[in-house]
Each structure stands twice: as structure tokens, then as C-alpha cells.
Amino acid sequence: MAKKKVSSTKTSKSKKNSSFSLKKLFSDHRFKLSLGIFLIIFALILLLSFFSYLFTWKIDNEFTWSNLFSGDGQAENWAAKLGAILSNQFISRWFGLASFSFPFIFLILGLRLLKIKLLPVGKSIRYALLATIWFSIFLAYLFGDAGGYLQFGPGGANGIFLVKWLNTIIGKIGTFFLLFISLFVFLVFTFDSFIPFLKTLPGKASSLKKANIPVSSTKSKKPKTQDNKEEKMNIIAEETPLSIEIADDELVDADSQSSVADKDKALSLNDDSFEIENETDESIVEKAKSDADDVKLSVKEKTEEEEIDESEKKDPLEEFGEYDPTLDLSSYVFPDLSLLDDHQQNNSEVSKEELISNKNKIVETLSNYKIKIEKIKATIGPTITLYEIVPAAGVRISKIKNLEDDIALSLAALGIRIIAPIPGKGTIGIEVPNRNPEIVSMRTILASHKFQDSKFDLPVAIGKTISNDTFVFDLAKAPHLLVAGATGQGKSVGLNAIIASLLYKKHPAQVKFVLIDPKKVELTLYNKIEKHFLAMLPDGEDAIITDTKVVVNTLHSLTIEMDQRYNLLKKAQARNIKEYNSKFIARKLNPENGHRFFPYIVVVIDEFADLIMTAGKEVEAPIARIAQLARAVGLHLIIATQRPSTNIITGLIKANFPARIAFRVTAMVDSRTILDSPGANQLIGRGDMLISMGADMLRIQCAFIDTPEIERITEHIEKQQSYPTPFYLPEYIEEGTSEALSVDLTKRDDMFDDAARLVVIHQQGSTSLIQRKFSIGYNRAGRIIDQLEAAGIVGPYEGSKARQVLYPDEYSLEQYLKTL
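Basis of the calculations
Residues numbered from 1 in each chain as written. Predicted model: local features only at pLDDT ≥ 70, side-chain atom pairs only at ≥ 80, totals over all residues. Heavy atoms only, no water. Pairing = 2+ DSSP bridges. Helix = DSSP H or I, 4+ residues; strand = E, 2+ residues; numbered from the N terminus. Axes fitted to C-alpha atoms, helices over the stretch in contact; angles between N-to-C directions. Contact = heavy atoms within 4.5 Å. Phe/Tyr/Trp six-rings, centres within 6.5 Å; stacked < 30°, edge-to-face > 60°. Buried < 20%, exposed > 50% of the residue type's maximum accessible area, 1.4 Å probe, protein only. Salt bridge = Lys/Arg side-chain N within 4 Å of Asp/Glu carboxyl O. 1 Å grid on protein atoms, 1.4 Å probe; cavity = no way out; pocket = protein on both sides within 12 Å on 5 of 7 lines; lining within 4 Å. Points joined across faces, edges and corners; volume = space filled by probe spheres on them. Nonpolar A, V, L, I, M, F, W, Y, C, P; charged D, E, K, R; others polar. Parallel < 35°, antiparallel > 145°, perpendicular 65-115°, else oblique. Left-handed = near helix turned anticlockwise from the far one by under 90°. Arc of directions from axis to C-beta.

Peer 1: Would you mind going over the sheet that holds strand β3 (residues 373–380) with me for this structure?
Peer 2: Pairing between the strands of a sheet is mediated by backbone hydrogen bonds and can be parallel or antiparallel. Overall, antiparallel pairing links the four strands, which are arranged β3-β4-β6-β5 in an open sheet. Two strands bound the open sheet, and with one partner strand each, they are β3 and β5 (417–419). In this sheet, neighbouring strand axes are inclined to one another by 20 degrees on average, regardless of whether the strands run parallel or antiparallel. Direction of pairing for β5 relative to strand β6 (residues 428–433): antiparallel, over a ladder of three bridges. For R417, the partnering residue across the bridge sits in β6 and is E431. Its contacts with the sheet place helix α13 (residues 352–368) against β3, β4 (384–391) and β6, and it is angled at close to 40 degrees to β4.

Written out as C-alpha cells, the structure is:
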């Protein structure tokens, strides 16, 4: 007996040492690195030999494994004899052209061993093997042996054999339908979006969840008696001892733990991260009989590779890819530059004689007042020329500044403007209008590299600077824009240039416009793009808002939209719209929880003075609130007015509009109202403007875009596929008004019962929820909500909050629905 014990312990130790050395080898990073490089090289050799075999198969088929190391014959395969033999084996004798999947499999395995995560290993290998078998049969069914091409045809010998076998059982037609059905089933179970209506099938979500439940969690956990435990332990003791395999490939003995109880807590059988190899459910491992070795519990933890594959299966980003907000209008074509005209004139260049004449007159005027200058330089712009002078030492700047009218008199020019000094330079600037000003066309501005290569969120190309550079700014960082100027000085053209810039750069899913036009004629051209780019109230009649009452309701609706977006940002733990949308695109936010993609909303208000005169505080209050808060959630205001007086542009509005554009005004006080400094009263008109972006102020010639050009742009967009409806803003109900819902419950909507169950399940009564779940329009969803309120299933409207659901569960709801 003693000899038997010694021999048994020796054999067990030798097995333990061999298994330990093997595990140590596979866990060695150097071995993994070498094996990974070998598999990648082998995959490339295999791919090279397969490509060569398509042309050299007749000679390659003469070589077998016995010819590999002999000197007989010369293979024409690019990978020599080894390539010829492997290609003959894989393509001719096995799977035909479908064998091209094997280099892919070896490449994925090699990259994973090198810790390069390209694709999930388990999923990729399964799909590749299934595709190999299916394509082998399909090619053999389609081409047969193809007249002996590749010896057995494109499907290989296995494909030919399986096709003949299937034809004898179910016939050629049956084989065709079997191939088609198998492909269809594979696509359905692989790509969930292959058939969109499958998402709405009842029980689909629950079946998928059941499919992902680990086997260990479904096992019965009935308590076992002590006798069963001892009997089972005796059986285990007589067999080969078991061991614990941890992810780091270390063997942990049961006696090496501080206590058995702690070990059981660490390796709980209920934990989903472990798989139980043996079928024992004991939580305590006891020693067997005195003549047996220590018994070790065999628990194998999931390897790192399996855990990665499992997490990738559950990650919607890996399964579906990034969310594409433009997918609904994926065929949308941006407007082309050919829709715009080139308004540039040939005789608009500034001649050398004009430059020299102006320079001499400036020097002469200054010398008359005993002001000496050391240097003068001219920068030619589209409408003005900037003369930079460096005065002599000891000359006071204020002395030159006071000669503004005298210089204008000597040059006989309109709108001389002196910048003393030019910010960032040690010079004094004198802006002199050109005799033949140049028209800056919108086409040249939008065709510039500065605009085309812009990475701004809301890029706006407005015109050219004095140095003939295209001026592009980001409206998202502005974040609101105040435009003012006298009648006929270019305000409306400037607004059209801003809107055209965004239309040329942004997709309809990325930006929406709220256009408010009290004059009723300036912005009506954009009616054609209502379902592409415009936002409006659900009950609005016209997308271009002209009625003052509707304007007030729309502005209040925008504040509701702002509050809703801030609530969603808070739930998503995002600080601004850019972070929120990036999380939504990466599928980190669940639409079931109310999350949605946020388009930027640009509110354009023309003739703001008229709104203030007719509505007053009703308009100013929501505008001030939007201007103060809405930047982070993507709401941006552009306000234009021709009366820049203090009762129109109040201090509350000016404080939240750091970006301001001033066209020519008649008085200096108006310039100070807009820009907090003079200068706008010295402009020459026809698009000449000053733009202030905080501390800096630039003089720009606004780009010209004519009415026919806007019509061509809107017609181009109108002809394309659009959304079913405009972008609807949240409904707004005025305070103090109570809508008595006169709803006839005998004429309920067909989806009334389903909608009632939906709101009870989610405990959230909102129009957007019904609209999203049932893919119906906003108006119909609103009527269903009204019917649910009249039936007492949901509570009344509560502003930005969802309606209260008055039934706690489906059972009570079903009992109530039976009484209707």
C-alpha cells in the first residue's frame, strides 16, 4: 500500500509540474509575441500564395507534401512549394475561393496576441468560418466544377461534395432555397437593423436578454445533504486532483488561503464572471480520506480574451457602430458654388497713381500742421485702403486724431477714419475709401480655403477684411450676434450671408433655424426649406414667423427647449452640447431615457425694434434669458435692427451680446449704442461694416448675395428628400389660460390603448415619447395625449416636465380600459 501511495504521489506531481510548465509557457509574453508575429507572417504568406494560385493552379496541383523537401520540380507559386501545397489543400481540396477567409482568421489571432484590438476574436472567427462554409457551397452550386478550373471549381472539393449530397436529398431548387434562407437567418441574427420591424416585435428584447444569461446563473441551487457531500468528495479524491486556474495563470492551492470561508467569498458561484467546470456546489472544501492527497476545487475563471469578447457583444457601439444623425437624409447633397454669381468688377482695382496721390496729400496735410512722419505704408482692401504712418519722435497721437476732418477735406473723400494707434502695432492708421470700390461676392468667400477647411461648429463667412482676407468666425463661440445699421446699408444682405454660410456647411440634421420676420418680406424666401432646416411650434401655420403673438409663444417655447436640454445634459453629465452629442453618437446615452441628438438652433430676428414696440417686455424677457443661458445647449440668437437706440437695445440685451456688427449709422450716439465706441458713423455704406468680437474691432466689406441666388439655393434644397415635418419645438401654453379639453372618448385614436400601456409602463406621459415609440407625427401624438388626459390616465400639462401618470400598473389600467 505504501508503494502505491508513493507512485501515485509521484505521478500527480509530474502531471502538476508538466501542466505548470505548459501554463507558464503560454503566459510568457515573449512566447505570445513570437506566436503573434508568426501568425501574422503566416497569414500574409497564405494570402500571397492564394492570389498566386488563381493563375498558377495547374502547375501548383502537381505538388504534394512529399515534394516539399525534395528537389523535384519548380513551383510557379509566389510562395514557392509551400505556397503551392497550401493553396492546393485549402482552395482545391477544401473550400475553394472561400478559403480566403483563413488569412483573415490568422491575422486577427496574431494581432490579438500582440495586444492589438482590431475586431472581437470570437465573433470574427465564428462569422468567418460560417461564411467560408456558405460561400463554398454557394460557389459550387452556382458554377459546379467550372470546367475544371482550380481542379474542382471555385467551390472546392468540399463544396462540390456537399452540393451533390444536398441535390440528392432536397433537389436543386431545395438547395437554392436552403442557401437563401440560411443567408437571410444569418443576416437577421448578426445585424439587428437588417429588418427594422424586428425591433418592434413583442418579446424580442426579453429573448435576447435570455440568450445572454450565463449558464452558471441558470443552474439549480438546491441544498445538498452532508451524505451527498461526503460521497461526492470520496469520488473526487480517487480521481486526478483538481486545481484553481486564475486569469494571471497562477495556481492557488486551497491550503494557501488564509481561510476557506474567505476563499469562498472571493470565488462565489453566483458571480457571472466565473464559470464552474465541475458540477459541485459546495462552499467548503474538506480533506478526503487520510490515504489521499489534498483535494483542490477546480474553478476556471474566464480568460481576459473571453471577457473582452463578452463586453464587446454587449457594447452597442461595437455592435451597431456610431450613431449617424444624418442617416435619415443620407442622400442629401449640399448646395454647389455654381448656384452663386460672381459679382466682381474688372475696373475695381486701385491704381498706383491713386495710391501715390493719396499718400502725398496725407503727408502734405500733416506737414501743414508741422507733423512729421518717418514712414508710410498702404494696404489695399476691397472698398478702402489703409495707410499706416509712423510719426516722428515727440508727435502726440491726439494731434493727428484731431485732423480727421482736415485730411478728409484734402482727399475729397467720404468717411475718413483714423485709428490711433492700431492695436498690436506701433502705427497710426488712416482708412481712405477707394474711388472704385470692389463688390465682394459670396461665391468667392465660400470658395476660400479658410471657409472650406473650417472646423468650426457653426462657421460663418461674412466678408473680406482690409487686407483682402476672408473673415470666418464661429457663431457657436460668439455666441449671439447683434446686427444694427441704418436702412439700406446692408443688414438684410448680411443676414442672408450668415444663413447661406450655414446652409453651405451644415446638414439639415445638424442645424435648425427659427426665422422671425415682422416685415413679412425679408425672409420669406426660406419657406421652401421648411421641412429641411426650419423649426416652429407644433400648431404653427407658417414656418416664417410674422405674427407678434406667435413670436412671443415661440420664444417661450425656446426657453422650454433650453430647460429640457439642460436637464438631459445634467443626466448625461455633460457640460455643453458638444460633449452631449459626442456621447450620444458614441451610443453612451439611451434614447429610452429621453436622450436625443441635439441640433444647433439659430434664431434670426429681423426688425427687432418693431417687436419691442409691439410686445415690449414679453419679448425682451425670454430673449434675455436665452442669451444668458442657452449658449451651452446650442441655442444662438441673431438680432437685427435699424433703430439702435437705448430703448431698443437695452443694457440687459447688450450685456449678453458680445459679438456685434455695425453697418453705417447716421449719428455717433448710435455707433456708441451698438459698439460702445464711435466709428460706425464714418462708414461708407453698401456693406461696409465694423464687427466687434469682444476686445477687437475689424472693418469688413460684407459679402453680397442677391435674391436670385437665395432662390436657387432654396430650390436646390427643396428638390431633395426632406423630413416628414419641420423640427417641432415644445408646446407652450400661456400662464393663466386653461384649456378645457373637449375630447370625445368615443372617437379614440386606434393607438389609444397601446399609448396608454406605454405611458403606464414608462410612468412618463409625454408627446415625444409616443411620437418616438410609434413613429407617428407630432400632431397625432398630441391628440393621443389629449385623449389620455381626458380619460384620466395622465395628468395635465406641467410645462417642461413630463405629465404625471395616474395609473401605477398595467393591471389597473386594463381594468379601466375595459370600462371605456
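Peer 1: Looking at this structure, I do not really get the packing of aromatic side chains. What am I missing?
Peer 2: The description of an aromatic ring pair uses the distance of the two centres, along with the angle that the planes make with each other. Applying the stated rule across the entire model yields 20 aromatic pairs. When the centroid spacing of 5.1 Å and the interplanar angle of 90 degrees are considered together, the rings of W134 and F135 count as edge-to-face. Take W134: its relative accessible area is 17%, and that puts it in the buried class. With a relative accessible area of 41%, F135 lands in the partly exposed category.

Peer 1: Is there a simple way to think about the pattern of salt bridges in this case?
Peer 2: When the charged atoms of two side chains lie near each other, side chains of opposite charge can form a pair. Applying the stated criterion across every chain, the model contains 20 salt bridges. Between R712 and D341 there is a salt bridge, with the nearest N and O atoms lying 2.9 Å from each other. Within this pair, whereas R712 is found in helix α26 (residues 707–718), its partner D341 is found in the loop between α12 (316–320) and α13, the two being separated by 371 residues in sequence. Judged by relative accessible area, D341 falls into the partly exposed class, the value being 32%. Here E431 and R417 are joined by a salt bridge, their closest N and O atoms 3.0 Å apart. Within this pair, whereas E431 is found in strand β6, its partner R417 is found in strand β5, the two being separated by 14 residues in sequence. Each member of the pair E431 and R417 is classed as buried. Shared partners join several salt bridges into a network, and the residues in it are R417, E431, D688 and R699.

Peer 1: Explain the pairing of strand β15 (residues 688–693) to me, please; I cannot follow it from the model alone.
Peer 2: In regular strands, side chains alternate between the two faces of the sheet. With five of six residues buried, β15 lies mostly within the body of the structure. For strand β14 (residues 659–663) and β15, the ladder comprises five bridges, and the chain directions are antiparallel. Residue pairing for β15: I661 is matched across the bridge by I691. Here β15 runs beside strand β16 (residues 696–702); their pairing, made up of six bridges, is antiparallel.

Peer 1: Hey, could you run me through empty space enclosed by the protein in this one?
Peer 2: A probe matching the size of a water molecule, rolled over the atoms, marks out where space remains unfilled. A complete count under the given rule lists two cavities of 30 Å³ or more for this structure. Counted as a void, the second largest cavity has a volume near 40 Å³. P382, T383, I384, K464, T465, I466, D688, R699, I700 and Q701 are the residues that line the second largest cavity. Of all the secondary structure elements, the ones that give two or more residues to the lining of the second largest cavity are β7 (459–465) and β16. Its residues assigned to classes, the lining of the second largest cavity shows four nonpolar, three polar and three charged.

Peer 1: It is not clear to me how the packing of helix α2 (residues 29–60) against helix α4 (residues 101–113) should be interpreted in this structure. Could you clarify?
Peer 2: Contact geometry for α2 and α4: axes closest at 8 Å, N-to-C directions at 160 degrees. As far as their axial angle goes, α4 and α2 are roughly antiparallel. Judged by the twist between their axes, the crossing of α2 over α4 is left-handed. For the pair α2 and α4, the contacting residues are K32, L35, G36, L39, I40, F42, A43, L46, L47 and F50 in the first and F102, P103, F106, L107, L109, G110, L111 and L113 in the second.

Peer 1: Can you help me understand the sheet that holds strand β9 (residues 481–484) in this one?
Peer 2: Pairing is mixed in the open sheet, where nine strands are placed in the order β8-β7-β16-β15-β14-β9-β13-β12-β10. Strand pairing shows two members of the sheet lacking a second neighbour, β8 (470–474) and β10 (511–516), which therefore form its edges. On average, each strand axis in the sheet is inclined to that of its neighbour by 25 degrees, with strand direction left out of account. As defined by bridge partners, β7 adjoins β16 across three bridges and the pair is classed as antiparallel. By the bridge assignment for β16, K464 is matched with Q701.

Peer 1: What exactly am I supposed to notice about helix α22 (residues 608–615) here?
Peer 2: In an α-helix there are 3.6 residues to a turn, and that puts residues three or four apart on one side. Buried residues of α22: F608, A609, L611, I612 and A615, and no others. The buried residues of α22 occupy an angular sector of 160 degrees when the element is viewed end-on, so they sit on one face. In this structure, the buried residues of α22 make contact with β10, α20 (548–572), β12 (600–605), α23 (617–629), β13 (635–641) and α24 (651–655). Backbone geometry just downstream of α22 places G616 in the positive-phi region, at approximately 65 degrees.

Peer 1: When you look at the pairing of β6 in this model, what are you seeing that I'm missing?
Peer 2: β6 sits mainly inside the fold: six of its six residues count as buried. Side chains of β6 alternate between two faces, with I428, I430 and V432 and G429, E431 and P433 buried alike. Note that β4 and β6 share six bridges and pair antiparallel. The residue bridging I384 from the neighbouring strand is P433, located in β6.

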